[in-house]
Amino acid sequence: MFPLSRTSYSSRFLSRLPRSTKFPVLLSQNQSTRLLAAQFSASRKFVPKNPEDFETPKKKTGPNVFLGIGILGSVLLAAYYYKIYRTEDDKKETNSDQTTASDANEEIMDSERFTKEEIAAFPFNSKKIVFVLGGPGSGKGTNSLKLVEEFGFVHLSAGDLLRAEQNRPGSKVGQAIKGYISAGTIVPYSITIALLRDAIMDHPDATKFLIDGFPRSLDQARAFEKTITDCQAVLFYDCPVSTMFDRIMDRSKTSGRIDDNEETLRNRFKVYLNQSYPVIQDYSTKDKVRAVSCIGSVDDVYNKTKLSISDIVN
Ligand SMILES: Nc1ncnc2c1ncn2[C@@H]1O[C@H](COP(=O)(O)OP(=O)(O)O)[C@@H](O)[C@H]1O
Ligand SMILES: O=c1ccn([C@@H]2O[C@H](COP(=O)(O)OP(=O)(O)O)[C@@H](O)[C@H]2O)c(=O)[nH]1
C-alpha cells in the first residue's frame, strides 16, 4: 500500500489553470470525491437570477388528481419507450468523460486476425501482466521502454495501439478513436481490450507484459480481468500535475500528437482524476500498487522503478 493522503501540486502551474482543473494528485477516496464534486459541479450550480427564483413554490390547496394521472402516464410511457427503442448501439455509444458502470457489459470487439477458437484457446492466464499507470506525461512510456531493453518485457501501450488503429487504412473504428483522443476522453473498452488482446496474442511465447496507460477506468479494469486475465501488479507513476504539464508541453514540440495541447491536456487531467485515479486506489486496496515518484532524472526514476518491481523482473 502507498500513502494516499499526500498532496502534490505547484502553485506556479495551478495559477495557469482555471480553478476547476486544480487538484492534488494523491487523495483519499473521500477527499477526491468531495474535491471533484466541489470543483467539477461548481460551474453547474443553480444561480438565481430573477426575483421569482427566490420564491418558495406555492403549496397547492388540494390533491390534483388529473395532474397526478398525467405524470404517472408520462412516466409509464417514457419507461415503455426506453425499453422498446433504446438499441444496443445507443448503450455502447459514450463520448463523454463519464463512462459509467453500465458500460461494463460491452462486448469486446471481434478480431480481424484471430478466430474465436484461437482466442478461446490462448493461455492468457499464464502471462504476467503489469499495468503501468499514472497521469499524462508521468513517465509511463519512458520507463516501460527501459524495462523492455533490460528485462525483455513486451511493452503494449494502449495509446499507441489506438493511434495505430486510428491510422490503419480500412479500420472501422479509426474515425471514432480519433474523436475520443482529440477530446482527451476514453475510447470504449470494447475497442481497446480487443486491440490489447490481439497484441498479446501476437507474442505467444512471451511471458511478461507491460500494459501502459490501461485500464483508465474501473469498468475497463473489471472487463479486462473478466475477458483476458488479472494483473500481477500496478506500476504507478506518482507525479505532480505541474510536472506532468511541463513535460507534456515539452513533448508536444516533437510528438506530433493531436492531444498534446493545453486544451485537451486540461481534459485529460480531469479524466485522469475523475476516472483513472480510482483504478489506482482500487488496486491499492488489493496491495497490487508499486508507487514510484516521477521526480528526479530519467535514470533516478528508472532505478526506483526497478527496485519497486524487483520481484517481478527476475
Ligand atoms: N524523469 C524525467 N525527467 C525529465 N523528463 C522526463 C522524465 N521522464 C520522462 N520525461 C519526459 O517527459 C515526457 C513524458 O514522458 P512519457 O514517458 O512520454 O509519459 P507518459 O507515457 O506517461 O505520457 C517525455 O517527453 C519524456 O522524455
Ligand atoms: O486505454 C486507453 C489508453 C488511451 N486512451 C486514449 O488515448 C489517449 C492518450 O493516451 P496515452 O496513454 O497514449 O497517453 P498519456 O495521456 O498517458 O500521455 C488518452 O487520452 C485516451 O483518449 C484510451 O482511450 N484508452
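Summarised in this report is the structure supplied together with it. (Residues numbered from 1 in each chain as written. Chains lettered and ligands numbered in written order. Predicted model: local features only at pLDDT ≥ 70, side-chain atom pairs only at ≥ 80, totals over all residues. Heavy atoms only, no water.)

**Examining the site of ligand 2**
Working step 1: Near ligand 2, the surroundings consist of 20 residues, among which Lys140, Arg163, Thr185, Val187 and Arg268 are the closest.
Working step 2: Contact distances for ligand 2 include 2.7 Å between an oxygen atom and a side-chain N or O atom of Lys140.
Working step 3: Counting residues per element, the ones that place at least two in the shell around ligand 2 are helix 7 (158-167) and helix 8 (174-183).
Working step 4: Broken down by element, the residue count for the shell around ligand 2 peaks at 4 residues, all from helix 7.
Working step 5: Class assignment for the residues of the shell around ligand 2 results in 8 nonpolar, 5 polar and 7 charged. (Near = heavy atom within 4 Å. Polar contact = N/O pair within 3.5 Å; in protein donor to acceptor, adjacent residues only side chain to side chain. Helix = DSSP H or I, 4+ residues; strand = E, 2+ residues; numbered from the N terminus. Nonpolar A, V, L, I, M, F, W, Y, C, P; charged D, E, K, R; others polar.)

**A short note on the state of the cysteines**
Chemically, a disulfide is nothing more than a covalent bond linking the sulfur atoms of two cysteines.
Working step 1: Under the criterion given, the structure shown has 1 disulfide.
Working step 2: With its sulfur 2.2 Å from that of its partner, Cys239 forms a disulfide with Cys294. Between Cys239 and Cys294 the sulfur-sulfur dihedral comes to about 70°; the bridge is accordingly right-handed. Of this pair, Cys239 sits in the loop between strand 4 (233-238) and helix 11 (241-255) while Cys294 sits in the loop between strand 5 (289-293) and helix 13 (298-308); the two residues are 55 residues apart in sequence, bridging distant segments of the chain. With respect to burial, Cys239 and Cys294 carry one shared label: buried. (Disulfide = S-S within 2.5 Å. Buried < 20%, exposed > 50% of the residue type's maximum accessible area, 1.4 Å probe, protein only.)

**A short note on the site of ligand 1**
Working step 1: As a matter of local geometry, ligand 1 sits amid 14 residues, with Gly137, Lys140, Gly141, Thr142 and Arg251 nearest to it.
Working step 2: Contact between ligand 1 and Arg247: a nitrogen atom at 3.3 Å from a side-chain N or O atom of the residue.
Working step 3: Protein chains shield 74% of the accessible area of ligand 1, which is 550 Å² for the free molecule.
Working step 4: For the shell around ligand 1, the secondary-structure elements that each account for two or more residues are helix 6 (140-151), helix 11 and helix 13.
Working step 5: The element contributing the most residues to the shell around ligand 1 is helix 6, with 3 residues. (Areas by Shrake-Rupley, 256 points an atom, 1.4 Å probe, with all protein chains shown as cover.)

**Some points on the sheet that holds strand 5**
Paired through backbone hydrogen bonds, the strands of a sheet run either parallel or antiparallel to each other.
Working step 1: Strands sit in the order 2-3-1-4-5 across an open sheet of 5 strands; the sheet is parallel. Every other strand in the sheet has two partners, leaving strand 2 (154-157) and strand 5 as the edge strands with one partner each. Strand-to-strand twist of the sheet, defined as the mean angle between neighbouring strand axes without regard to direction, takes the value 20°.
Working step 2: Sheet topology note: the strand 1 (residues 128-134)/strand 3 (residues 208-212) ladder contains 5 bridges and is parallel. Bridged to Val132 within strand 3 is Asp212.
Working step 3: Contacting strand 2 and strand 3, helix 7 runs over the sheet at an angle of about 60° to strand 2. (Pairing = 2+ DSSP bridges. Axes fitted to C-alpha atoms, helices over the stretch in contact; angles between N-to-C directions. Contact = heavy atoms within 4.5 Å.)

**Description of the pattern of salt bridges**
Working step 1: One pass over the structure, following the stated rule, counts 20 salt bridges.
Working step 2: Across the salt bridge formed by Glu150 and Lys306, the nearest N and O atoms sit 3.2 Å from each other. Residue Glu150 is found in helix 6, and its partner Lys306 is found in helix 13; the two are separated by 156 residues along the sequence.
Working step 3: Ionic contacts of the salt-bridge type, sharing partners, join the residues Arg251, Arg257, Asp259, Asp260 and Arg268 into one network. (Salt bridge = Lys/Arg side-chain N within 4 Å of Asp/Glu carboxyl O.)

**Quick look at the packing of aromatic side chains**
Working step 1: All told, the structure shown has 7 aromatic pairs when counted by the stated rule.
Working step 2: Here the aromatic rings of Phe131 and Phe214 are separated by 6.1 Å at their centres, their planes lie at 70°, and the arrangement is edge-to-face. Taken together, the residues Phe131 in strand 1 and Phe214 in the loop between strand 3 and helix 10 (218-227) connect sequence positions 83 residues apart. For the pair formed by Phe131 and Phe214, the shared burial category is buried.
Working step 3: Ring centres of Phe236 and Tyr277 lie 6.4 Å apart, and the angle between their planes is 65°; on these two criteria the pair is classed as edge-to-face. Placement of Phe236 in strand 4 and of Tyr277 in helix 12 (residues 262-285) is noted, with a sequence separation of 41 residues between them. Take Phe236 and Tyr277: they sit in the same class, and that class is buried.
Working step 4: By way of ring pairs, the aromatic residues Phe131, Phe214, Phe224 and Tyr283 are connected into one cluster.
Working step 5: The ring of Phe153 is capped by Lys208, whose NZ or CZ atom sits 5.3 Å from the centre of that ring. (Phe/Tyr/Trp six-rings, centres within 6.5 Å; stacked < 30°, edge-to-face > 60°. Lys NZ or Arg CZ within 6 Å of the ring centre and 35° of its normal.)

**Re the nonpolar core**
Working step 1: Counting residues in each nonpolar core, the largest one holds 44 residues, and the members touching the most others are Phe131, Ile200 and Phe224.
Working step 2: Those elements that place two or more of their residues in this core are strand 1, strand 2, helix 9 (189-201), strand 3, helix 10, strand 4, helix 11 and helix 12.
Working step 3: Looking at which element gives the most residues to this core, the answer is helix 12, with 8 residues.
Working step 4: Apart from residues no more than four positions distant in its own chain, Ile200 is found in contact with Phe122, Phe124, Ile129, Leu156, Phe209, Ile211, Phe224 and Ile228. (Core = buried A, V, L, I, M, F, W, Y, C linked by side-chain atoms within 4.5 Å.)

**Brief notes about the pairing of strand 1**
Working step 1: Summarising burial for strand 1: 6 of the 7 residues are buried, a large majority.
Working step 2: Of the strand pairs in this sheet, strand 1 and strand 4 are connected by 5 bridges, and their pairing is parallel. Residue pairing across strands places Gly134 opposite Tyr237, the latter belonging to strand 4.

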